[in-house]
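Commentary on secondary and tertiary structure
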Amino acid sequence: MSQAIAHRQADAARYDYLVFIGRFQPVHLGHLKVIEAALAQADKLIVVCGSARQAISPRNPFSLAEREAMLRAALPAAWQERVFVVGCSDRMYNDQQWVTEVQNLVDKVIAVDTASLGHRAAEFSIGLVAAANGRGVGTHYLALFPQWQREQVDELPGVDAGKVREALFTEQESQLARCREQLPDAVYDWLLNFRKTDVFSALLAEQRYLQQFRAAWSVAPYPPTFVTVDAVVIHSGHILLVRRRGMPGKGLWALPGGFVEQDEPVRDAVIRELKEETRLKVPAPVLAGSVRASRVFDHPQRSLRGRTITHAFLIELAPTGDGLPKVRASDDADRAQWVPLFEFNRMEAQLFEDHFYIVNWFLGQI
């Protein structure tokens, strides 16, 4: 990689700041190519890491801090002070919330970076940089920032973060070695050390479970689509959550719910699953009569088990003067608990799949 651009004069830059959005799971040579090209055109680069507060999983195994550590280890010393790293939530079902968060992050970085100048972000030239893969895959977000001019960098052939993760989550270290040419040396060494941790062992066990789950359906004549239900139960500023007993997502908090049976409507299924997992001391007819809204959540990547479409129901229970109804974990849950909503809003990293985003969508409707 050329070092010349690290020493160019700031006044040669076309932009004051370029913004580079990605997941960086993990950081690879394709990312460094984009960063090099960005720093050739901009004085500073703001790297925005997605999925920053989600629970870790085989698809998103590294925290924001870990991804920044990988990136910093791979960057030349001369680039370090010109690159800022921040994290944003996915906001899976609300593009405008996500765009607003990214804009706020960029604004805050610039405000801190230029505090001594007393300028506002609007006074600087800002652009958006991305790898051009020629297929439009994963780049739809670019259209959400019309105020920022786009700069695209040709994708580095043969580099695939998904393949690297697949190689990482195998028993044989030799599989990861096959991806070494896709990774900066510092990141490859970081991943070797990561394989020795308890976190990796837990993620590897979950990956094995998911592989077995998908293999069981591989004999189907076409890829299966699973239909599930989830209950968003609100009572006096609290939400009812369960902690998952088994994989996937063992130990994570979740909405009460599960798979729809062959002989039941989805509305009946959500009441059944809610009662089975929480033993909620509210009659089923009262629960059914307390449904205030429902919505289908169908993001193609919402579940690592495969294509899973969930029907979520908002159930608002009216205060009765007797306090919160009693709950007791059962079935697939090892704990059921009423959680104050102000605490829930800090639990993104503890929630299963997209449940945090489902709840926030409904909270925006009430």
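Report follows, based on the coordinates. (Residues numbered from 1 in each chain as written. Predicted model: local features only at pLDDT ≥ 70, side-chain atom pairs only at ≥ 80, totals over all residues. Heavy atoms only, no water.)

**What to know about the side chain of Ser330**
Rules: By the criteria applied, helices consist of DSSP H or I runs no shorter than four residues and strands consist of E runs no shorter than two, each listed in order from the N terminus. The contact criterion used throughout is that any non-hydrogen atoms of two residues lie within 4.5 Å.
Tracing the backbone shows Ser330 in the loop between strand E11 (308–317) and strand E12 (333–340). Those residues in contact with Ser330 that lie beyond four places of it in its chain are Arg245, Glu276, Glu277 and Arg279.

**Observations regarding the nonpolar core**
Quick reminder of the rule: Take the buried Ala, Val, Leu, Ile, Met, Phe, Trp, Tyr and Cys residues and link them wherever side-chain atoms come within 4.5 Å; each set so joined is a nonpolar core. For the exposure calls, accessible area comes from a 1.4 Å probe over protein chains only, and a residue counts as buried if that area is under 20% of its type's maximum, exposed if over 50%, partly exposed in between.
Judged by nonpolar contacts, the single largest core of 39 residues is most densely connected at Ile35, Leu45, Val47, Leu71, Val129, Leu168 and Leu191. Elements with a contribution of two residues or more to this core: strand E1 (15–22), helix H1 (29–39), strand E2 (42–49), helix H2 (64–74), strand E3 (83–87), helix H4 (161–168), helix H6 (185–194) and helix H7 (198–216). Not counting chain neighbours up to four residues away, the residues in contact with Leu71 comprise Val27, Leu32, Ile35, Val47 and Val85. If you look at the next biggest cluster of nonpolar residues, it comprises 22 residues, including Val19, Ile21, Ile110 and Phe124.

**Describing the environment of Lys196**
Relative to the helices and strands, Lys196 resides in the loop between H6 and H7. Lys196 sits in the exposed class, given a relative accessible area of 67%. As a C-alpha pair, Lys196 and Leu142 span 54 residues in sequence and 37 Å in three-dimensional space.

**Comments concerning the packing of H2 against H6**
This is how it is decided: Angles here are taken between N-to-C directions and fall from 0 to 180 degrees, while the axes themselves are lines fitted to C-alpha atoms, restricted in helices to the stretch in contact. When residues are sorted by character, Ala, Val, Leu, Ile, Met, Phe, Trp, Tyr, Cys and Pro go into the nonpolar class, Asp, Glu, Lys and Arg into the charged class, and all the rest, Gly among them, into the polar class.
At a closest axis distance of 8 Å, the pairing of H2 and H6 adopts a crossing angle of 140 degrees. Facing H2, whose interface residues are Glu66, Ala69, Met70, Ala73 and Ala74, H6 presents Ala186, Val187, Trp190, Leu191 and Phe194. When grouped by side-chain class, the residues that make up the contact of H2 with H6 number nine nonpolar, no polar and one charged.

**Some points on the pattern of salt bridges**
Cut-off, in case you're wondering: Just to be clear on terms, a salt bridge is a Lys or Arg side-chain nitrogen sitting within 4 Å of an Asp or Glu carboxyl oxygen.
A complete count under the given rule lists 13 salt bridges for this structure. With its nearest N and O atoms 2.6 Å apart, the salt bridge here joins Arg272 to Glu264. Judged on exposure class, the residue Arg272 and its partner Glu264 are both buried. Of the charged contacts in the structure, one is a salt bridge between Glu353 and Arg305, with a shortest N-O distance of 3.4 Å. One end of the pair, Glu353, is in the loop between helix H10 (341–344) and helix H11 (355–363); the other, Arg305, is in the loop between strand E10 (291–297) and E11, with 48 residues separating them in the sequence. Using a relative accessible area of 11% as the deciding quantity, one classes Arg305 as buried. The network of salt bridges with shared partners includes Glu261, Glu264, Arg272, Glu273 and Glu276.

**Here we look at unusual backbone geometry**
Gln25 connects to Pro26 through a cis peptide bond whose omega is 0 degrees. Note that the residue after Met247, namely Pro248, is joined by a cis bond; omega there is -5 degrees. Assignment of secondary structure puts Pro248 in the loop between strand E7 (238–244) and strand E8 (253–254). If you check the backbone angles, Ser51 has positive phi at about 50 degrees while not being a glycine. Within the element layout of this structure, Ser51 appears in the loop between E2 and H2. By relative accessible area, Ser51 is classed as buried at 5%. Residue Ser236 is not a glycine yet carries a positive backbone phi of 50 degrees.

**Points about the packing of aromatic side chains**
The following threshold applies: The aromatic pairing rule takes the rings of Phe, Tyr and Trp, using the six-membered ring of Trp, and pairs them if the centres are within 6.5 Å, calling planes under 30 degrees apart stacked, those over 60 edge-to-face and the rest tilted.
Across all of its chains, the model carries 20 aromatic pairs by this definition. Between the aromatic rings of Trp361 and Phe362, the centroid separation amounts to 5.2 Å while the plane-to-plane angle is 85 degrees, which identifies the pairing as edge-to-face. Note on Trp361: relative accessible area 22%, which makes it partly exposed. When its relative accessible area of 0% is taken as the criterion, Phe362 is described as buried. Taken together, the ring pairs connect Phe62, Phe169, Trp190, Phe194 and Phe200 into an aromatic cluster.

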